[in-house]
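Notes for the structure review
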Amino acid sequence: MRGNQVDTREWEITQPASGREQRRAQAVAAIPSWYSPWGHLAFPSFVGLGMIACSIAFLEHPSPVELLAVPVVATLVNLNEWHIHRNVLHRRSWPLEILFWRHTPEHHVIFVRDDMAMRATREFRLVLIPFYGILAIFMTTLPITAALWFLVSHNVALLWVATTMGYVVAYEWLHLAYHLPESNPIGRSRLIRRLRAHHAMHHTPELMQRWNFNVTVPLADWLLGTIYRGQER
Ligand SMILES: [Zn+2]
Ligand SMILES: [Zn+2]
């Protein structure tokens, strides 16, 4: 039963090139004239790196146990990335419907496994999350930050902020790198090629609702058994 859910089946079929071109032309035409692709990339990057720098500056002799917060938080955020991608970006969920509409019927129709590359920097708009996303994530996770600050330790709260903000920046940079032309020096690197292969498989419309939900490191996909290995072929 799909209940209130939007029926995604029409997007789970690879569309003919002409249909995809039309969707792309519509999406590019809808980008406002004032849109700055480099500004869209720079804003979350500076905010994220700035928050990391501030958090580290305020650390006071963190103990090895406190430093463990970094891998623990990174692992939890990786599981959350899987959850958000699967259940918010691929299934319309209030109040974040905008993320669904930008992702499943747009990002996934325009970019498919064998045609992953952006054609112009203006297409950053079709890949990056909204520019204010990093601030929204910081604000909505403030209760967790506060709980860690008051109940655990100031250092753990600061490491939480640094790790989550670093994760958002890594997500944006990696996702953008996967959608660069393969001839681009960044797109050509071995690490990006490996990670891109995982994400590109997710860009197969027939597979996108079920497989390869991690965009950064496919840890949660591995833990939860959602790495695509030809199961449906
Ligand atoms: Zn993508
Ligand atoms: Zn997706």
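Rules of the game
Residues numbered from 1 in each chain as written. Chains lettered and ligands numbered in written order. Predicted model: local features only at pLDDT ≥ 70, side-chain atom pairs only at ≥ 80, totals over all residues. Heavy atoms only, no water. Core = buried A, V, L, I, M, F, W, Y, C linked by side-chain atoms within 4.5 Å. Buried < 20%, exposed > 50% of the residue type's maximum accessible area, 1.4 Å probe, protein only. Helix = DSSP H or I, 4+ residues; strand = E, 2+ residues; numbered from the N terminus. Contact = heavy atoms within 4.5 Å. Expected span 1.5 Å × (residues − 1). Bend = angle between axes of the 7 residues up to and from the residue.

Quick notes on the nonpolar core
- Of all hydrophobic cores here, the largest spans 23 residues; its most connected members are F111, M118, F124, L176 and Y178.
- Mapped by element, the contributors of at least two residues to this core are helix 8 (154–178) and helix 10 (190–202).
- The leading source of residues in this core is helix 8, at five residues.
- Ignoring sequence-local partners within four residues, the contact set of F124 consists of Y35, P37, W38, H40, L41, M118 and L176.
- Residues M51, I52, I134 and L159 belong to the second largest nonpolar core, which totals 21 residues.

Some thoughts on the side chain of Q209
- Examined against the element boundaries, Q209 turns out to sit in the loop between helix 10 and helix 11 (219–223).
- Not counting residues up to four positions away in its chain, the partners in contact with Q209 are T8, E12, H90, R91 and T104.

Some thoughts on helix 5 (residues 97–110)
- Taking 1.5 Å as the rise per residue, helix 5 with 14 residues should run 20 Å; its terminal C-alpha atoms sit 19 Å apart, in good agreement.
- Of all the bends found along helix 5, the most pronounced is centred on H103 and spans about 30°, while P105, a proline, follows it within four residues.
- Listed as buried for helix 5 are F100, H103, T104, P105, E106, H107, H108, V109 and I110.

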